[in-house]
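Examining the three-dimensional arrangement
One letter stands for each residue in the lines below.
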Amino acid sequence: MDQIRFNQSFDKRSLETQLIALEQKLKKKADFKLLSDYGLHFVQAGKVKEALVIFEKLAELYPNEYSIIANLGTTYELSGQNEKALETIRKGIEINPNSHGGSEWIHVKILEAKIALAKDPNYLNNHSVLNLSSKQKQSKKTFDQLYIQLQERFPFSPKEANPIMADLFVNLGDYYFETISFEHAKAFYQLAQIYYKSDRKDIIKKIEQARKLREDYATKSMSGTPSGGVIIEKIQGVPYQNYVFNPPGSDYSIDWSKVETNPEKLLSYLGIETEKVKSETKTEKVASKERTSKPKKKSDNSMLWIGLTLVLLIISIFTYFKAKKKKH
């Protein structure tokens, strides 16, 4: 139980150090995997827009590299492009179905629920995110996979109303309630109710049921004791806060002046040009051509005026001598 924890944030001090180190490595070695790691740290540091430029280009060049496709899917989701995220995560599963402990099917279900909620805000009133079968509800493998996904999503899911995260924690709580510990299950229900601000009535009932069981087991009769009496045993409550942590460095503010944030420049370390760079280069070439052609045009105009002046002068001289000849 002590190993279960959900980090609210990332170690930003560590992210800064790793980003700086990765850029130095990229300057020495043009390795797309280094740039992919850089993009992932961008995502963790909140630079989603910049990471998207990197992952879209890398996915175009390395379409069968699982880590790139998976990171692109996550980045699409964090940028609010859930349809693209769903398509990309499904592609990632085709490439590597066993990644993340085989838990990416849960990621697919989450994205499907997000898309459904965008169309119908009341979708989860009559549906569950995972829609687990009876067999899945009793499967340790299913809930190991759910735990993996919750751990990965938690730092990206701040303490605010989030019906999808609330629903997933209810699923986790139900499994613990039936198989491991009703007291720990209550903590997961409270994460759904308090941390993710769910007002679902079924969660309130589940919490009350867990508390009732704690009262029922507060004392228990023990046979075989010398006096045949009763031993008082206090069942300790488990606050949901016990599961929520902030890693060292989570309050640190990254000094972005020390970190390269231009995705085009980062891609250039691998000799990769984006459409933006190509467009800017083309525009600059056109502008340069115009700049070099303008003086030429000016020179051409000057020669034209000189020529016209000479012609007029010749005509004037000719007319003068012709008139003078007639006079004599």
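Model, not experiment: these values are computed from the prediction.

Moving on, we come to the packing of aromatic side chains. Under the definition given, this model contains 17 aromatic pairs. When the centroid spacing of 5.6 Å and the interplanar angle of 80° are considered together, the rings of F6 and Y147 count as edge-to-face. You can see F6 sitting in strand β1 (residues 6-7) and its partner Y147 sitting in helix α9 (residues 140-153), a full 141 residues away along the chain. Judged on exposure class, the residue F6 and its partner Y147 are both buried. For the ring pair Y38 and F42, a centre distance of 5.1 Å and an interplane angle of 85° mean the geometry is edge-to-face. Taken together, the positions of Y38 and F42, both in helix α2 (residues 32-45) and four residues apart, correspond to about one turn of that helix. Each member of the pair, Y38 as well as F42, is classed as buried. The side chain of R5 reaches across the aromatic face of F245, ending 4.1 Å from its centre. The cationic tip of K47 hangs over the ring face of W256; the distance from NZ or CZ to the ring centre is 4.7 Å.

This brings us to unusual backbone geometry. Phi at H100 is positive, roughly 50°, even though this residue is not glycine. Among the structural elements, H100 can be located in helix α6 (residues 99-102). A positive phi angle, near 50°, is found at N131, a position not held by glycine. Assignment of secondary structure puts N131 in the loop between α7 (104-119) and α8 (134-137).

The next thing to look at is the packing of α7 against α9. In the contact formed by α7 and α9, the axes pass within 9 Å of each other and the chain directions differ by 60°. The two elements α7 and α9 cross, and the hand of that crossing is right-handed. Contacts from E104, W105, I106, H107, I110 and K114 of α7 reach α9 at T142, Q145, L146, Q149 and R153. Taken together, the residues that form the contact of α7 with α9 break down as four nonpolar, four polar and three charged.

Given a rise of 1.5 Å per residue, 14 residues ought to cover 20 Å, and the 20 Å separating the end C-alpha atoms of α9 matches this to within 8%. Residues of α9 that are buried in the fold lie against β1, α4 (66-78), α6, α7, α8 and α10 (163-179). Where α9 begins, the capping side chain belongs to S139, and its oxygen is found 3.3 Å from the backbone nitrogen of K141.

The rules we used
Residues numbered from 1 in each chain as written. Predicted model: local features only at pLDDT ≥ 70, side-chain atom pairs only at ≥ 80, totals over all residues. Heavy atoms only, no water. Phe/Tyr/Trp six-rings, centres within 6.5 Å; stacked < 30°, edge-to-face > 60°. Helix = DSSP H or I, 4+ residues; strand = E, 2+ residues; numbered from the N terminus. Buried < 20%, exposed > 50% of the residue type's maximum accessible area, 1.4 Å probe, protein only. Lys NZ or Arg CZ within 6 Å of the ring centre and 35° of its normal. Axes fitted to C-alpha atoms, helices over the stretch in contact; angles between N-to-C directions. Left-handed = near helix turned anticlockwise from the far one by under 90°. Contact = heavy atoms within 4.5 Å. Nonpolar A, V, L, I, M, F, W, Y, C, P; charged D, E, K, R; others polar. Expected span 1.5 Å × (residues − 1). Polar contact = N/O pair within 3.5 Å; in protein donor to acceptor, adjacent residues only side chain to side chain.

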